[in-house]
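Each chain, letter by letter, is given below.
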Amino acid sequence: MQLLYHNIPVDNGDCHFIRLIDGEDQYVIMADCGSFNNPVQAYIESECRKHIDILVVTHIDDDHIKGVITMLNKYKDDDAFQIDRIWFNSYQSTGTEETRKLTHGETEVILRLKSDLKHKLKPYTGEISTNQSMTLAETILSVPKYEKAWNLRAITTSTPVQRLGRWGKISFVSPSPERLKDLMKDYAKWIYEHLYRKLGANEKYEGSENIFEILVRYADVNKHILSEGQVSAAETLTEYLLREKSKPSRLDDSPTNGSSIAFVWKKGRHRILMLGDAWADEVTRGLLKAFSKGRYPLLFDFVKVSHHASAANTTSTLLDHIESMDWFISGYTNSKKEHLKTVSRIILQPFISNRVNMRNLHFNCKTDDYKTLSEADEALKNSLHFSTDNQTDYEI
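In this text, all values refer to a predicted model and were calculated from it rather than measured experimentally. (Residues numbered from 1 in each chain as written. Predicted model: local features only at pLDDT ≥ 70, side-chain atom pairs only at ≥ 80, totals over all residues. Heavy atoms only, no water.)

Enquirer: Give me the lowdown on unusual backbone geometry, citing residues and values where you can.
Expert: In this chain, S174 is followed by P175 through a cis amide linkage whose omega measures 0°. Looking at where P175 falls in the secondary structure, it is placed in the loop between strand 8 (169-174) and helix 6 (177-195). Cis geometry marks the peptide bond from Y296 to P297; its omega dihedral reads 5°. When you line up the elements, P297 lands in the loop between helix 10 (280-290) and strand 12 (298-300). Unlike most non-glycine residues, D32 shows phi in positive territory, near 65°. (Helix = DSSP H or I, 4+ residues; strand = E, 2+ residues; numbered from the N terminus.)

Enquirer: Residues and numbers for the packing of aromatic side chains, please.
Expert: One pass over the full model with this rule turns up 15 aromatic pairs. Aromatic side chains F17 and Y43 sit 4.9 Å apart centroid to centroid with 45° between the ring planes, which places their arrangement in the tilted category. One end of the pair, F17, is in strand 2 (residues 16-22); the other, Y43, is in helix 1 (residues 38-46), with 26 residues separating them in the sequence. Taken individually, F17 and Y43 each receive the classification buried, so the pair is uniform in this respect. Here R271 stacks its cationic end above the ring of F300, 5.6 Å away from the centre of that ring. Positioned above the aromatic ring of F351, the side-chain terminus of R359 is 4.1 Å from the ring centre. (Phe/Tyr/Trp six-rings, centres within 6.5 Å; stacked < 30°, edge-to-face > 60°. Buried < 20%, exposed > 50% of the residue type's maximum accessible area, 1.4 Å probe, protein only. Lys NZ or Arg CZ within 6 Å of the ring centre and 35° of its normal.)

Enquirer: How would you explain the side chain of D61 if you had to name every residue and give the values?
Expert: One can find D61 in the loop between strand 4 (51-57) and helix 2 (62-74). An unpaired buried charge is present at D61: no salt bridge exists, and R217, the closest side chain of opposite charge, is 7.2 Å distant. The residues contacting D61, other than those within four sequence positions of it, are D220, T256, N257 and D277. (Lys, Arg positive; Asp, Glu negative; His and termini not counted. Salt bridge = Lys/Arg side-chain N within 4 Å of Asp/Glu carboxyl O. Contact = heavy atoms within 4.5 Å.)

Enquirer: Before we move on, can you summarise the sheet that holds strand 1 (residues 2-7) with the specific residues and values?
Expert: Across the sheet, which stays open at both edges, the six strands sit in the order 5-4-3-2-1-18 with mixed pairing between neighbours. Single-partner strands in this sheet number two, and they are strand 5 (82-88) and strand 18 (393-395). This sheet shows a mean twist of 15° between the axes of neighbouring strands, independent of strand direction. Examined bridge by bridge, strand 2 and strand 3 (residues 25-31) share seven bridges and lie antiparallel to one another. Along strand 3, the bridge assignment pairs I21 with Q26. (Pairing = 2+ DSSP bridges. Axes fitted to C-alpha atoms, helices over the stretch in contact; angles between N-to-C directions.)

Enquirer: Outline helix 1, supporting the account with residue identities and numerical values.
Expert: Along helix 1, the residues classified as buried are V40, Y43 and I44. One face of helix 1 carries all of its buried residues, which in axial projection span an arc of 95°. Where helix 1 is buried, its residues meet strand 1, strand 2, strand 3 and helix 2. Its side-chain oxygen placed 3.0 Å from the backbone nitrogen of V40, N37 serves as the N-cap of helix 1. (Arc of directions from axis to C-beta. Polar contact = N/O pair within 3.5 Å; in protein donor to acceptor, adjacent residues only side chain to side chain.)

Enquirer: Outline the sheet that holds strand 15 (residues 326-329), supporting the account with residue identities and numerical values.
Expert: The strand order 7-8-10-11-13-15-16-17 describes an open sheet built from eight strands, whose pairing is mixed. Of all strands in the sheet, those with a lone pairing partner are strand 7 (162-163) and strand 17 (386-389), marking the two edges. Here strand 13 (residues 302-304) runs beside strand 15; their pairing, made up of two bridges, is parallel. Note that in strand 15 the partner of K304 across the bridge is F328. In the packing of helix 10 onto the sheet, the strands contacted are strand 8 and strand 10 (262-267), and the crossing angle to strand 8 comes to about 135°.

Encoded structure:
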């Protein structure tokens, strides 16, 4: 059996494919899609044969879902295109709430927020089509074959291990049930801020999945992004890496990233870690829960680094619990030198496993930080035991 991983560049976003191949049979796991560009379409139609066994939408963030919305709309009338399962955390209903309709005034507010959201995203995503202006929830629920594939039950660290038969198994290491509950509390707060109404514990709006997604995306796109430090002209790259590794960093406090799905695929002695945009402390706790009898640090064939290698999502504590020779970084960050800050933590982490003596950093975008690292002196790379490239594929 083969595992083929493909990390497709989609600007500042994620789009990952894991293809498990056994003879003529294959099992396809797709995680996120920030932009449904030509390479993504070609890969789905040729390599995936228009069949996705599991579509994982890690969290509600446009650089992870915008391409998913476009893809689902493109193939909604194509009988050859099939998705067996969709994992996507949306509004969590208890099933016992009393449903109430939005008033005319409340509907106008939601439509205004949706329009405002579209215009705020336009400078980063270009023209937005009618299909793209739909939420992912309403896109799924409007097409029977997608609605059938979507299990509305929450994906958390309490979700049982998903056994895929001969294709291995998947364990979830983020988010925790508590984190999703916190996001629901944030939703209630945003309802009050925008609609001036306190929802009772036993009531919900009709179309809650759609309203929830609009408010979560609106809150996220309005969140201020802090910038990080830069390499000064007077210091060497080595000095910068050492300084950044020792300097404390703010932790990610984005509600959407905190609810991001992160998972481990495992078969036999092989393991891969897909981190989405998950919080480092959520993942650390999730690993300890899912692999309570594991020997730490857990060794992975490769790690997809969280949140485009933002330093706010890769802490030394997390790195104490995971190890790999291969680290994949997708997209780019909004903060200067974020990659260098994160890379400093990865490559300066002490080697513990005798199976790892090198750390290979695979960027799917040629960012300024990538150029700085790739142009580093070979003697420095050898002394710190790291390499950099634009490799977007991996095979087990």
